[in-house]
Amino acid sequence: KSDSLQPTKMANDKLLDGLLSPGFDEKSCLSRYRSFLYRKASQHKPSPYLLSKLREYEDLHKRCGPYTRSYNETLKRLKSSHTGSTGGCNYIVWLGSNGMGNRIISMASAFLYALLANRVLLVDHGRDMAHLFCEPFPNTSWILPMDFPIKKQFHTLKQRHDRFRDISESSPPSFVYVNIPHGTYDFDELFLCDQSRALLEKVPWFILSSDQYFAPSFFLSPSFKQEVSKLFPEKETIFHQLGRYLLHPSNQVWRVITKFYQTNLAKAEQRIGLQIRVFNRKTSPVQVVMDQILSCMLKKKLLPEVDTQNDVRSSPPNNSSKTILITSLYSDYYENMSAMYQSKPTVTGEVIRVCQPSHEEYQHEADNLHNMKAWAEIYLLSLSDVLVTSAGSTFGYAAQGLGGLKPWMLIRPKNKMVPYPPCRLDKSMDPCFHYAPSYECKAKHKTDFFTVAPYVRHCADRQAGVKLF
Ligand code: GDP
């Protein structure tokens, strides 16, 4: 390679093959242009069509973002039942719920919807998500302003669940609020069918509360399907591309990430991320999960066995080293694994180190610092070379998607038994949508997703869910 090509390559790497706009003040968000120093270059290039769509979206957001003339005009409609001009912009307001993994994958889905439906994405990060992410769009903001008129009512709005049939065609409302409670995904007709979509276009404010990765749903709508396929010729990379475009740790979170990385991970030849999410401690006791992890990682040769015969190294010296980054609410697994690899040499002579950034013991509600730690750990996991995650956990999904990694997935134990097999290599990096949609507009009857979109399959870790391959 000629040296003169290097600066161009570096600029390409820094902007993630054109995914990122160069128009930001670098200091305001160090992670945006430095992620390429920590994460291996993606094997999946964004499509030129996606790049042009993102640049177009950035212009739209700048024109319609908070406090612009268009925004102020559209807001008037919300304040009164004023039905005049809308200022030419439509919005989707995202409200999150649940943990950070859920919020991250749902936010990315809302952004995909914004791209497809030409809406401007504004997010309500409240207090517990404050200062976690950088602004993703240049010269504007994606944060829903504090003085947004119906913000105080969001809590009470949560009691409602507006459906398509609630929208009056003759006088469309100024906003529609859709709360998709955990476990009941029946928004398909509202989102996807051409007739309801045309109606929804007349509603400037679409307020959506969701905690799921609903991106696969768009393949049920003929017109969205065409557009989303054009944006993402490699379907399993939807979250990978959108997440790396949208989600940059704030400088505060970036400090935590880089400090931990330099101290614990930078020198390792191989970084193995191990995410241990225990949903039920009774059916998954520590020893069972520990046995399962070792059974998976030793059998799949992700880790070497320890030499039980010798206390000192008998194999030829081997300078290679692996570091296991454990993320878990608990410290037991870290203690077990580090004791194991500290007490005996390994049969291969490799040196195995173990580290864990935090152990929060339980999932805290409405806690900004707790969410910050979770986001930092999701990001650290995404910098791994190899990833082992826990079935059904959106925390793991977010990490695998950002990292572009197909994880080894630990099957959820039942009845205090190590499952067989203990883990499986997932077939795609895209998150699982836990609630498969099943509506097809033309046919007007429920239909099977898999006949309309053959690249959608059931998730290995959740039979009721679907994911893209
Ligand atoms: P899921 O419940 O596994 O799908 O993942 P979520 O991220 O949506 O919710 C779990 C929440 O519990 C996280 O957001 C954290 O607040 C907390 N949590 C679970 N596992 C970990 C972990 O390994 N590290 C940290 N810091 N927090 C965790």
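Model, not experiment: these values are computed from the prediction. (Residues numbered from 1 in each chain as written. Predicted model: local features only at pLDDT ≥ 70, side-chain atom pairs only at ≥ 80, totals over all residues.)

1. Describing the overall build of the chain
So the rule is basically this: The way it works is that DSSP assigns letters per residue, a run of H or I at least four long becomes a helix, a run of E at least two long becomes a strand, and they are numbered from the N terminus. With C-beta atoms placed from the backbone, a residue is labelled by how many other C-beta atoms lie within 10 Å of its own: buried for 20 or more, exposed for 12 or fewer, partly exposed between the two. A residue pair is marked as a contact if its C-beta atoms, positioned from the backbone, fall within 7 Å.
Summing up its helical and strand segments, the chain has 16 helices and 14 strands in all. In the chain, which comprises 469 residues, the share counted as buried stands at 42%. Considering only intrachain contacts with a sequence separation of at least 6, the fraction spanning at least 24 residues in the chain is 73%.

2. Focus: the sheet that holds strand β10 (residues 423–425)
Where strands meet in a sheet, backbone hydrogen bonds hold them as pairs that are either parallel or antiparallel. Going by this rule: Only when DSSP finds a minimum of two bridges between them are two strands counted as paired. Structural elements are reduced to axes, namely lines fitted to C-alpha atoms, with helices fitted over the stretch in contact, and the angle between N-to-C directions of any two is expressed from 0 to 180 degrees.
As summarised here, the arrangement of the six strands in space is β7-β6-β5-β8-β9-β10, forming an open sheet in which the pairing is mixed. Where the open sheet ends on each side, the last strands, each with one partner, are β7 (351–355) and β10. Taking the axes of each pair of neighbouring strands and ignoring which way they run, one obtains an average angle of 20° across the sheet. Pairing of strand β9 (residues 408–410) with β10 involves three bridges; the strand directions are antiparallel. Bridge assignment links Trp-408 to a residue of β10, and that residue is Leu-425. Helix α13 (residues 332–343) rests against β5 (270–276), β6 (321–328) and β7 of the sheet, and its axis sits at about 160° to β7.

3. What to know about the sheet that holds strand β2 (residues 120–124)
Ordered by their spatial adjacency, four strands build an open sheet running β2-β1-β4-β3, and the pairing between neighbours is parallel. What marks the edges here is a single partner per strand, and that holds for β2 and β3 (175–179). Strand-to-strand twist of the sheet, defined as the mean angle between neighbouring strand axes without regard to direction, takes the value 20°. For strand β1 (residues 91–95) and β2, the ladder comprises five bridges, and the chain directions are parallel. Each residue of the ladder has a partner; that of Trp-94, found in β2, is Val-123.

4. Describing unusual backbone geometry
Across the junction of Tyr-420 and Pro-421, the peptide omega takes the value -10°, indicating a cis bond. Along the chain, Pro-421 falls in the loop between β9 and β10. The backbone phi angle of Lys-301 is positive, close to 60°, even though this residue is not glycine. Position of Lys-301 relative to the elements: it lies in the loop between α12 (286–299) and β6.

5. What about the site of the ligand?
What counts here: We call a residue near a molecule or strand when the C-beta position, derived from backbone atoms, sits within 6 Å of it. Each residue gets one label: Ala, Val, Leu, Ile, Met, Phe, Trp, Tyr, Cys and Pro are nonpolar, Asp, Glu, Lys and Arg are charged, and the others, such as Gly, are polar.
Residues in close proximity to the ligand total 19 residues, the closest being Gly-99, Gly-101, Thr-327, Ser-393 and Thr-394. Looking at the shell around the ligand, the elements that each hand over two or more residues are α5 (100–117), β6, α14 (368–381) and α15 (394–403). For the shell around the ligand, the leading source of residues is α14, giving four residues. For the shell around the ligand, the residue count by class is four nonpolar, eleven polar and four charged.

6. Some words on the domain arrangement of the chain
Condition: What fixes the domain bounds is an automatic or database domain assignment.
Domain boundaries in the chain define domain 1 (11–233) and domain 2 (251–435). Taken together, the contacts link 26 residues of domain 1 with 27 residues of domain 2. Within the residue set of the side of domain 1 that touches domain 2, elements represented by two or more residues are α2 (30–34) and α5. Per element, the largest residue contribution to the side of domain 1 that touches domain 2 is five residues, and it comes from α5.

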